[in-house]
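Reading the structure
In case you want the letters, here they are:
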Amino acid sequence: SRTLDLAVPIVRHGAGEVAALGAPSIVAVPAAAGADPERPRPAAGPEAAAIEDLVAKFIPAYLSAAEGRELSYLLAPGAAVVPLGGALEPVSAGEVEQLGDGEGPRRELLASERVHDPRSGATYPVAWRLRVTRRSGRWYVAAVEGAVA
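The model shown is predicted, which means the values in this text are computed figures rather than measured ones.

Calculation notes
- The numbering scheme is per chain: residues are counted from 1 as the chain's sequence reads.
- Under the rules for a predicted model, residues below a pLDDT of 70 receive no local features and side-chain atom pairs below 80 are neither given nor counted, while totals for whole chains, interfaces and linings still include all residues.
- In computing side-chain values, all of the structure's heavy atoms are included and hydrogens and water are not.
- Numbering of helices and strands starts at the N terminus; helices are DSSP runs of H or I of at least 4 residues and strands are runs of E of at least 2.
- N or O atoms closer than or at 3.5 Å make up a polar contact, with two conditions inside protein: a donor-capable atom paired with an acceptor-capable one, and, for residues adjacent in sequence, both atoms drawn from side chains.
- Every residue pair with non-hydrogen atoms within 4.5 Å of one another is taken to be in contact.
- Residues grouped as a nonpolar core are buried Ala, Val, Leu, Ile, Met, Phe, Trp, Tyr and Cys residues, joined through side-chain atoms within 4.5 Å.
- Residue exposure (1.4 Å probe, protein chains only): buried if accessible area is under 20% of the type maximum, exposed if over 50%, otherwise partly exposed.
- Only Phe, Tyr and Trp rings are paired, with Trp represented by its six-membered ring, and only when their centres lie within 6.5 Å; those with planes under 30 degrees apart are stacked, over 60 edge-to-face, the remainder tilted.
- In this scheme, patches are assembled from residues that exceed 30% relative accessible area and form no salt bridge. Like charges are connected within 9 Å, while nonpolar side chains (Val, Leu, Ile, Met, Phe, Trp, Tyr) are connected within 5 Å.
- Computed with a 1.4 Å probe, the accessible areas rest on the Shrake-Rupley method; for each residue, only the protein chains presented here act as cover.
- Any carboxyl oxygen of Asp or Glu that lies within 4 Å of a side-chain nitrogen of Lys or Arg is treated as forming a salt bridge with it.
- The positive count covers Lys and Arg only, the negative count covers Asp and Glu only, and His and the chain ends enter neither.

Among the structural elements, threonine 133 can be located in strand β8 (residues 123-135). From its side chain, threonine 133 meets the backbone oxygen of proline 105 in a polar contact 3.4 Å long. Setting aside anything within four residues of it in sequence, one finds threonine 133 in contact with Ala76, Pro105, Arg106, Arg138, Trp139, Tyr140 and Ala142.

Have a look at this one:
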């Protein structure tokens, strides 16, 4: 397995709107900034199986849903997540790992998946940083961010 670092030129407007200006390019790994990177570890505590079950349902739905409302059953109230609308297709699930310590009702996760891009025919690993929260005994996705695979 090999990891490549990519750079994408972007422009930022106003209140956080971001747009890509060009195609990604392969770049050298940046030098360490002196910060200790977060080390993923298995989901903690007796809730781990429920968290992993949520992610197993969420990622395929996130990849295939055309509209955010199709994810509403899996999202925390007030969460705004824009799905990928079939741009990528799930091939195989990867790991669900927790970032940070603790067994509380809010967790940061790293969820990986092997996906297929139907336009290019490429298959590759991707990962998302998910913020999940427990409400009334059930886990929900509160936010999704891209992450390095």
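Moving on to the nonpolar core. Counting residues in each nonpolar core, the largest one holds 24 residues, and the members touching the most others are Phe58, Ile59, Leu71, Trp128 and Leu130. Elements represented by at least two residues in this core include exactly α1 (48-64), β7 (106-116), β8 and β9 (138-147). A per-element tally of this core places α1 first, with eight residues. Not counting residues within four places of it along the chain, the set of residues in contact with leucine 130 comprises Val55, Phe58, Ile59, Arg107, Glu108, Leu109, Ala111, Ala143 and Val144.

Let's shift gears to the packing of aromatic side chains. The geometry of two aromatic rings is summed up by the distance between their centres and the angle between their planes. A full pass over the atoms with the stated rule returns two aromatic pairs. Taken together, a centroid distance of 5.4 Å and an interplanar angle of 20 degrees make the contact between phenylalanine 58 and tyrosine 62 stacked. With phenylalanine 58 and tyrosine 62 both in helix α1 and four residues apart, this pair spans about one turn of that helix. You can call phenylalanine 58 buried: its relative accessible area is 0%.

The next subject is a nonpolar patch on the surface. A cluster of nonpolar side chains, Val8, Ile10 and Val18, forms an exposed patch at the surface whose accessible area comes to about 260 Å². Examined against the element boundaries, isoleucine 10 turns out to sit in strand β2 (residues 10-13). Taking the relative accessible area as the measure of exposure, isoleucine 10 reaches 52% and is therefore exposed.

For the rest of this paragraph, the subject is the pattern of salt bridges. Following the criterion strictly, the structure yields five salt bridges and no others. Residue glutamate 67 is joined to arginine 69 by a salt bridge in which the shortest nitrogen-to-oxygen separation is 2.7 Å.

Position of leucine 54 among the secondary structure elements: in helix α1. Residues leucine 54 and valine 132, spaced 78 residues apart in sequence, show a C-alpha to C-alpha distance of 9.1 Å. Discounting residues that sit within four places of it in the chain, leucine 54 has contacts with Leu74, Val132, Trp139, Tyr140 and Val141.

Moving on, we come to the side chain of aspartate 117. Structurally, the position occupied by aspartate 117 is in the loop between β7 and β8. Of the side chains with opposite charge, arginine 119 lies nearest to the buried aspartate 117, which makes no salt bridge, at 6.0 Å. Within polar-contact distance, the side chain of aspartate 117 engages the backbone nitrogen of arginine 119 at 3.0 Å. A distance of 3.2 Å separates the side chain of aspartate 117 from the side chain of serine 120, its partner in a polar contact.

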